[in-house]
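These are the residues of each chain, in order.
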Amino acid sequence: MRRIDENRLESDLAYRFAYLAEFMKFGSEETSAIHSAAPLLASRVAGLVDVVYVKLFSYDATKRHFVSQQEGFAGELAADVESLTLDDEVINFRKQHLARYLGTLVTKPYDSKMVQYLDAVGKMHTPRFGSAAINVPLVQMNALLGFVADALHATIFDLGLDRQTEIRTLRAFSKLLWLQNDLINRHYAAELVRETSA
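Let me begin by describing the structure that accompanies this report.

Cut-off values and rules
Residues numbered from 1 in each chain as written. Predicted model: local features only at pLDDT ≥ 70, side-chain atom pairs only at ≥ 80, totals over all residues. Heavy atoms only, no water. Helix = DSSP H or I, 4+ residues; strand = E, 2+ residues; numbered from the N terminus. Rg over C-alpha atoms; globule rule 2.2 N^0.38 Å. Buried < 20%, exposed > 50% of the residue type's maximum accessible area, 1.4 Å probe, protein only. Areas by Shrake-Rupley, 256 points an atom, 1.4 Å probe, with all protein chains shown as cover. Lys, Arg positive; Asp, Glu negative; His and termini not counted. Charge placed at Lys NZ, Arg CZ, Asp CG, Glu CD. Phe/Tyr/Trp six-rings, centres within 6.5 Å; stacked < 30°, edge-to-face > 60°. Polar contact = N/O pair within 3.5 Å; in protein donor to acceptor, adjacent residues only side chain to side chain. Contact = heavy atoms within 4.5 Å. Core = buried A, V, L, I, M, F, W, Y, C linked by side-chain atoms within 4.5 Å. Expected span 1.5 Å × (residues − 1). Salt bridge = Lys/Arg side-chain N within 4 Å of Asp/Glu carboxyl O.

Quick look at the overall build of the chain
Next, step 1: A tally of regular secondary structure across the chain gives 9 helices and 0 strands.
Next, step 2: Over its C-alpha atoms the chain spans a radius of gyration of 18 Å, differing by no more than 12% from the 16 Å that the globule rule assigns to 198 residues.
Next, step 3: For the chain, the spread of C-alpha atoms along the principal axes amounts to about 55 × 50 × 25 Å.
Next, step 4: A total of 198 residues make up the chain; the buried ones form 42% of that total.
Next, step 5: Element-wise, carbon and sulfur atoms account for 54% of the exposed surface of the chain, whose accessible area totals about 11,300 Å².
Next, step 6: Placing the 22 positive and 25 negative side-chain charges of the chain at their respective mean positions leaves the two points 6 Å apart.

What about the packing of aromatic side chains?
Next, step 1: On inspection of all chains with the given rule, the structure shows 5 aromatic pairs.
Next, step 2: Ring centres of Y53 and F66 lie 5.5 Å apart, and the angle between their planes is 50°; this geometry places the pair in the tilted category. Taken together, the residues Y53 in helix α4 (residues 45–56) and F66 in the loop between α5 (60–63) and α6 (89–107) connect sequence positions 13 residues apart.

Focus: the side chain of D119
Next, step 1: With respect to the helices and strands, the residue D119 is situated in helix α7 (residues 112–123).
Next, step 2: One polar contact links D119 to H187, side chain to side chain, over a distance of 2.8 Å.
Next, step 3: With sequence-adjacent residues up to four places away left out, D119 is seen in contact with L13, L183, R186 and H187.

A closer look at the nonpolar core
Next, step 1: Judged by nonpolar contacts, the single largest core of 54 residues is most densely connected at I34, Y53, L102, Y110, L118, F173 and L176.
Next, step 2: Of all the secondary-structure elements, those providing two or more residues to this core are α2 (13–24), α3 (28–42), α4, α6, α7, α8 (138–157) and α9 (163–197).
Next, step 3: Considering every element that reaches this core, the biggest residue donor is α9, with 9 residues.
Next, step 4: Excluding residues within four positions of it along the chain, L102 makes contact with V45, L48 and V49.

Observations regarding α2
Next, step 1: End to end, α2 covers 16 Å across 12 residues, agreeing with the expected 16 Å (1.5 Å per residue, within 8%).
Next, step 2: Buried within α2 are the following residues: L13, Y15, R16, F17, L20 and A21.
Next, step 3: Capping of α2 at its N-terminal end is provided by D12; its side-chain oxygen lies 3.2 Å from the backbone amide nitrogen of A14.

What to know about the side chain of K63
Next, step 1: Position of K63 among the secondary structure elements: in helix α5.
Next, step 2: For the buried residue K63, which engages in no salt bridge, the nearest side chain bearing the opposite charge is E82, 7.2 Å off.
Next, step 3: A distance of 2.9 Å separates a polar atom in the side chain of K63 from the backbone oxygen of V81.
Next, step 4: Each residue touching K63, except ones within four places of it in the same chain, is listed here: L56, F57, V81 and L84.

Re the pattern of salt bridges
Next, step 1: Following the criterion strictly, the structure yields 9 salt bridges and no others.
Next, step 2: Across the pair D12 and R8 runs a salt bridge, and its minimum N-O distance is 2.9 Å.
Next, step 3: Given the relative accessible area of 22%, D12 is considered partly exposed.
Next, step 4: A salt bridge links E30 to K175, with the nearest nitrogen and oxygen atoms 3.3 Å apart. Placement of the pair is E30 in helix α3 and K175 in helix α9, with a sequence separation of 145 residues.
Next, step 5: Taken together, the shared-partner salt bridges in this structure form one network comprising E10, R16 and D182.

This is the structure:
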């Protein structure tokens, strides 16, 4: 039986990721499956991003976050949710971020730099670490990640892979998204602890 330092899981990102990856059996086979899918997914990223933003525009609870000041965006923002369109400059800016994120997932090595990147994705949606004007509730992050997972799975099913490759690819992406989910949720948990102890 492996001994796990549970306190260290909360304070040491590399230790936490290594533990989760080992527990889920996310290793070289999974990263190889993800990287192998990159050339097939490349032409579909823009369509996947569009589908995600159409979904985000379907609810005021998710659309409202794009009328607040965006980290790194210096352009004009819509006055309110009703006037915001999918063609607005801020949405193109956000779409580029999502496309880069998806590209990073399928092309970069899963080393310490990648772990820090995945962790930063979780941080940036909380007001403490991202833009103070943006506070995306955890329920919206979970809804988004669940939708992205399903859309990504649908895209993989549509690639026409042989059955074994398809299974391997789907399982690899599922594990990856659960790892990402943990690295999002941990920052919301930390925010809650701070608020409670304040």
